[in-house]
Amino acid sequence: MSKRRSSRVFLVLLVMATIVSSGCESDKISGIVAEANKTKIQKLGNGYMLFQARMGKAAKSKDELCEFIKSNDRIEKNLAFMGISREGFEDLFINERDGEEFF
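Residues numbered from 1 in each chain as written. Predicted model: local features only at pLDDT ≥ 70, side-chain atom pairs only at ≥ 80, totals over all residues. Heavy atoms only, no water.

A. Examining the overall build of the protein more closely. A count of helical and extended segments in the protein gives 5 helices and 0 strands. Mapped from its N terminus to its C terminus, the protein presents α and β elements in the order α-α-α-α-α. Burial analysis of the protein (103 residues in total) assigns 35% to the buried set. When the accessible area of the protein is evaluated, it comes to approximately 6500 Å², of which 53% is carbon and sulfur surface. (Helix = DSSP H or I, 4+ residues; strand = E, 2+ residues; numbered from the N terminus. Buried < 20%, exposed > 50% of the residue type's maximum accessible area, 1.4 Å probe, protein only. Areas by Shrake-Rupley, 256 points an atom, 1.4 Å probe, with all protein chains shown as cover.)

Here it is in structure tokens:
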């Protein structure tokens, strides 16, 4: 993911987190977030950016990222907006087209 795209994704997540934490859950915001999470790689990238935004650092491994997604109670609304299932998060590492892992 390019730095420019990463910055945009981070900005979307930051705006989303701010709105969710303030209690506003409009359909417009849901639509914007859903649009940025159509494919597995988009969801995976945004899950990674969510980790960075909440933890203040990059995930060191797939296991660390998966554990964060599966166990952090403070991100439930974020995951719902992004259409990410805690139970199915590890499935996002598998490419839809060829069935191979991204990493």
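Text resumes after the structure shown.
B. Local environment of the packing of helix α3 (residues 40–55) against helix α4 (residues 62–71). The contact between α3 and α4 brings their axes to 10 Å, and the two run at 80°. Between α3 and α4, the angle is such that the two are roughly perpendicular. Residues Leu44, Gly47, Tyr48, Leu50, Phe51, Arg54 and Met55 of α3 form the contact with α4, whose own contacting residues are Glu64, Leu65, Phe68 and Ile69. When grouped by side-chain class, the residues that make up the contact of α3 with α4 number 8 nonpolar, 1 polar and 2 charged. (Axes fitted to C-alpha atoms, helices over the stretch in contact; angles between N-to-C directions. Parallel < 35°, antiparallel > 145°, perpendicular 65-115°, else oblique. Contact = heavy atoms within 4.5 Å. Nonpolar A, V, L, I, M, F, W, Y, C, P; charged D, E, K, R; others polar.)

C. α3, seen in detail. Here α3 contains 16 residues, and its C-alpha end-to-end distance of 22 Å stays within 8% of the 22 Å for a straight helix at 1.5 Å per residue. At the C-terminal side of α3, Gly56 shows a positive phi close to 75°. (Expected span 1.5 Å × (residues − 1).)

D. Quick peek at the packing of aromatic side chains. Applying the stated rule across the entire model yields 2 aromatic pairs. Ring geometry for Phe51 versus Phe68: centroids 5.0 Å apart, planes at 80°, classification edge-to-face. Taken together, the residues Phe51 in helix α3 and Phe68 in helix α4 connect sequence positions 17 residues apart. Residues Phe89 and Phe93 carry aromatic rings whose centres are separated by 5.8 Å and whose planes lie at 90° to one another, so their mutual orientation is edge-to-face. Both residues of the pair, Phe89 and Phe93, belong to the buried class. Taking the ring centre of Phe93 as reference, the NZ or CZ of Lys62 above it sits at 4.7 Å. (Phe/Tyr/Trp six-rings, centres within 6.5 Å; stacked < 30°, edge-to-face > 60°. Lys NZ or Arg CZ within 6 Å of the ring centre and 35° of its normal.)

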